[in-house]
Amino acid sequence: SVLASASSAALASSILAMLCKEEVGFLVAIFGLYWYLSPVRWRGGLIWLIIGIGWTLIGFFVIIPAAQGKLFLPDQADLRYAWLFHGTLSDKLAYLTGPDTPVKIRFLIQLFAPLAFTSLLKPRILAIAAPIVGLSLLSTRISQSSVYHHYMADVVPFLLIASIKAAAMFDPLHCMMKGMFWSVALFSAISASEGCDLLSNGTSSNFLPSAPPFELM
């Protein structure tokens, strides 16, 4: 059936995505939880939840540390999240009230403002990308809290989908948001194509319990 084929494609895509970046497992996990809590109550979502969280934990605390010759915590823990793992409570509070906080507030504004904050009207969809945004906000690496780097590549699709769904609540905005979505998608495809050309030219460095309800509401 069409839904079964969609389920197979989603499973294959999720596995490939998790192999690209360790935190993508969080997205897969929240996807599963979203589907399980949807009106359809897709039970397979719980399996996705377990697989996603399990893969991320294994990646963070087993695979990456082993590749770096570490016992438990990877280098990223000290480079980006040292304030979480070291120091006293007062040190942690000092960081939260320090100069990085205004930068991260600006980052959130830059993230939501281009779509007129309409994506905030669909928090259930935004919640899927919340772990990635959370990791960026917790990181002391300021470039990770920036819309100008690759860290938000996992987040932008959900911002767009949430905005389109929100715009559907206001008919005059619906067509405009759809047009914006396809414009961004086309621009991204062209940019990716150009990037592949640069790299190729050397100028730059079958468990499917049931079909999930893929419609995001």
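Parameters and conventions
Residues numbered from 1 in each chain as written. Predicted model: local features only at pLDDT ≥ 70, side-chain atom pairs only at ≥ 80, totals over all residues. Heavy atoms only, no water. Core = buried A, V, L, I, M, F, W, Y, C linked by side-chain atoms within 4.5 Å. Buried < 20%, exposed > 50% of the residue type's maximum accessible area, 1.4 Å probe, protein only. Contact = heavy atoms within 4.5 Å. Salt bridge = Lys/Arg side-chain N within 4 Å of Asp/Glu carboxyl O. Axes fitted to C-alpha atoms, helices over the stretch in contact; angles between N-to-C directions. Helix = DSSP H or I, 4+ residues; strand = E, 2+ residues; numbered from the N terminus. Parallel < 35°, antiparallel > 145°, perpendicular 65-115°, else oblique. Left-handed = near helix turned anticlockwise from the far one by under 90°. Nonpolar A, V, L, I, M, F, W, Y, C, P; charged D, E, K, R; others polar. Expected span 1.5 Å × (residues − 1). pLDDT = per-residue confidence, 0-100.

**So, the nonpolar core**
Where a protein is soluble and globular, its nonpolar side chains tend to be buried together.
Then comes step 1: Of all hydrophobic cores here, the largest spans 27 residues; its most connected members are Leu111, Met152, Val155 and Leu159.
Then comes step 2: Those residues in contact with Leu159 that lie beyond four places of it in its chain are Leu111, Phe112, Leu115, Ser119 and Leu126.

**Considering the pattern of salt bridges**
Then comes step 1: Taken as a whole, this structure holds two salt bridges when the rule is applied.
Then comes step 2: Here Glu22 and Lys21 are joined by a salt bridge, their closest N and O atoms 3.7 Å apart.
Then comes step 3: Classification of Lys21 as partly exposed rests on a relative accessible area of 28%.
Then comes step 4: Across the salt bridge formed by Glu23 and Lys21, the nearest N and O atoms sit 3.6 Å from each other.
Then comes step 5: Of the residues examined, Glu23 reaches a relative accessible area of 11% and is grouped as buried.
Then comes step 6: Through salt bridges with shared partners, a single ionic network connects Lys21, Glu22 and Glu23.

**Notes on the packing of helix 7 (residues 100–112) against helix 8 (residues 123–138)**
Then comes step 1: Helix 8 packs onto helix 7 with a crossing angle of 150° between their chain directions and a minimal axis gap of 11 Å. By the angle class used here, helix 7 and helix 8 are roughly antiparallel. Note on packing geometry: the crossing formed by helix 7 with helix 8 is right-handed. Contacts between helix 7 and helix 8 involve Lys104, Phe107, Leu108, Leu111 and Phe112 on the former and, on the latter, Leu126, Val133, Ser136, Leu137 and Leu138.
Then comes step 2: The residue inventory of the contact of helix 7 with helix 8, partitioned by class, reads eight nonpolar, one polar and one charged.

**Comments concerning helix 2 (residues 24–37)**
Then comes step 1: Look at helix 2: 20 Å from first C-alpha to last across 14 residues, which is about the 20 Å you get at 1.5 Å a residue.
Then comes step 2: Of the residues making up helix 2, those classed as buried are Val24, Gly25, Leu27, Val28, Ala29, Phe31, Gly32, Tyr34 and Trp35.

**Concerning the confidence of the model for the protein**
Then comes step 1: For the protein, the average pLDDT comes to 76, and 75% of its residues sit at 70 or higher.
Then comes step 2: Highest mean pLDDT in the protein belongs to helix 7 (90); lowest belongs to helix 10 (residues 171–200) (55).
Then comes step 3: Low pLDDT (under 50) marks residues 192–212, which in the prediction has 21 contacts with non-local residues, meaning those over four places away or in another chain.

**Considering the environment of Trp83**
Then comes step 1: Within the secondary structure, Trp83 is located in helix 5 (residues 82–85).
Then comes step 2: Once the C-alpha coordinates of Trp83 and Leu138 are considered, the two residues, 55 residues apart in sequence, prove to be 9.0 Å apart.
Then comes step 3: With residues up to four places along the chain from it excluded, the contact list for Trp83 reads Lys92, Tyr95, Leu96, Leu138 and Thr140.

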